[in-house]
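Next come the chains, spelled out residue by residue.
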Amino acid sequence: MMNKPNAESPKKRLNGGLPPADVVQDGIALRLRELYSNIENEGIPDNLLNLLEKLDEAERAQTGGQTPEV
Amino acid sequence: MADTESHQLQFKRELLKTLPSLRAFAISLTGTYDKADDLVQEAVVRAWSRQDSFELGTNMKAWLFTILRNEFYSQMRKRGREISDAEGVYTEQMSVHPNQLGSIDMKDFMTALNKLAEDQREAIVLVCASGFSYEEAANICGCAVGTIKSRINRARGRLQELLGIDGESDYGPEPHIAAVLRHTVSV
């Protein structure tokens, strides 16, 4: 078990994490965090996933041989 | 070869993990979902082409945010300022997305956020929403830590002014927000 000071709960490993400990947790910060959690939870749009697949395929084709091109 | 493969695999995993928050940051920069998605795509292509230069174990998130931000500002310089601050579009688009929160003043909050100066919005988003430390935010923005802190303070002050709150007390953490946060985090 990791025991970092700001990792009270394993749930907090979410993308975006939580603000660092030295940031004031006022209502503004909370609202902002809430807003961004929402956006982050919308997931990754398909066009972006498609792009990643294409990049992946291109890479496979390229490194199918021996040395990866730089 | 195994090394290269595992580097690639890990790179991809980390990239994928970072995408939702990278996208959220892009939305705050561009003000619209469409432009944000374009920007994220460009940043991903760029990051991908530079993956050999990325050292695993270092901060992928900060690295990607820096690439995306640089991409955004270089496009702005090329195209002029039309990219940003399409007044209202940010909030309009966002409101289309049902936020399952039921917190009514979220829309007001977004409108206010949209009125902030760019550098202030960026600073407060990076630290308070994206979870970077002041130091990381300063690195991403290429400025001093003190500059980030003062931008955040100004952003806070301006938001309080725009939202008509005097201090923290009116707007402190409320139980339902905390519950929602716990809920969204566990999804």
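Residues numbered from 1 in each chain as written. Chains lettered and ligands numbered in written order. Predicted model: local features only at pLDDT ≥ 70, side-chain atom pairs only at ≥ 80, totals over all residues.

**A short note on the overall build of chain B**
Within chain B, the secondary structure is distributed over nine helices and zero strands. Counting from the amino terminus, chain B carries its helices and strands in the arrangement α-α-α-α-α-α-α-α-α. Split into buried and exposed, the 187 residues of chain B put 36% on the buried side. By sequence separation, contacts in chain B at least 24 residues apart represent 62% of the contacts at least 6 residues apart. (Helix = DSSP H or I, 4+ residues; strand = E, 2+ residues; numbered from the N terminus. Buried ≥ 20, exposed ≤ 12 C-beta atoms within 10 Å, placed from the backbone. Contact = placed C-beta atoms within 7 Å.)

**Topic: the overall build of chain A**
A tally of helices and strands in chain A yields two helices and zero strands. Classification of the 70 residues of chain A by burial places 26% in the buried group.

**Things to note about the nonpolar core**
In this structure, A:Leu32, B:Ala26, B:Leu64, B:Leu68, B:Ala123, B:Val127 and B:Ala137 are the most contacted members of the largest nonpolar core, which totals 52 residues. Looking at this core, the elements with two or more residues in it are α1 (27-40) of chain A together with α1 (2-30), α2 (33-49), α3 (60-79), α5 (106-115), α6 (118-129), α7 (134-141) and α8 (145-163) of chain B. With eight residues, the single largest contributor to this core is α1(B). B:Leu68 has contacts with B:Leu22, B:Phe25, B:Ala26, B:Leu39, B:Val40 and B:Ala43, leaving out every residue within four places of it along the chain. (Core = buried A, V, L, I, M, F, W, Y, C linked by C-beta atoms within 7 Å.)

**Looking at the confidence of the model for chain A**
Overall, the predicted model of chain A reaches an average pLDDT of 70, with 54% of residues at or above 70. This stretch, residues 1-17 of chain A, has a pLDDT under 50; its non-local contacts, to residues over four places away or in other chains, come to 23 contacts. (pLDDT = per-residue confidence, 0-100.)

**Some remarks on α7(B)**
Residues and elements named next belong to chain B. A large share of α7 lies buried, amounting to six of its eight residues. Regarding α7, the residues found buried are Tyr-134, Glu-136, Ala-137, Ala-138, Ile-140 and Cys-141. Looking at the buried side of α7, the elements it contacts are α3, α6 and α8.

**Re the confidence of the model for chain B**
Residues and elements named next belong to chain B. Put simply, chain B has an average pLDDT of 80, and 74% of its residues get 70 or more. Below a pLDDT of 50 lies the segment residues 83-89, which in the model reaches 13 contacts outside its immediate sequence neighbourhood of four places, other chains included. With pLDDT under 50 throughout, residues 168-173 is counted as low confidence; its partners more than four residues away or in other chains account for 11 contacts. Here the complex is predicted with pTM 0.74, and the ipTM for its interfaces comes to 0.72.

**Brief notes about the packing of α1(A) against α6(B)**
For the pair α1(A) and α6(B), interaxial distance at closest approach is 9 Å and the crossing angle is 80°. Comparing their axes, α6(B) and α1(A) come out roughly perpendicular. Residue-level inspection shows A:Ala29, A:Leu32, A:Arg33 and A:Tyr36 of α1(A) in contact with α6(B), the latter providing B:Ile124, B:Val125, B:Cys128 and B:Ala129. Partitioned by chemical class, the residues of the contact of α1(A) with α6(B) number seven nonpolar, no polar and one charged. (Axes fitted to C-alpha atoms, helices over the stretch in contact; angles between N-to-C directions. Parallel < 35°, antiparallel > 145°, perpendicular 65-115°, else oblique. Nonpolar A, V, L, I, M, F, W, Y, C, P; charged D, E, K, R; others polar.)

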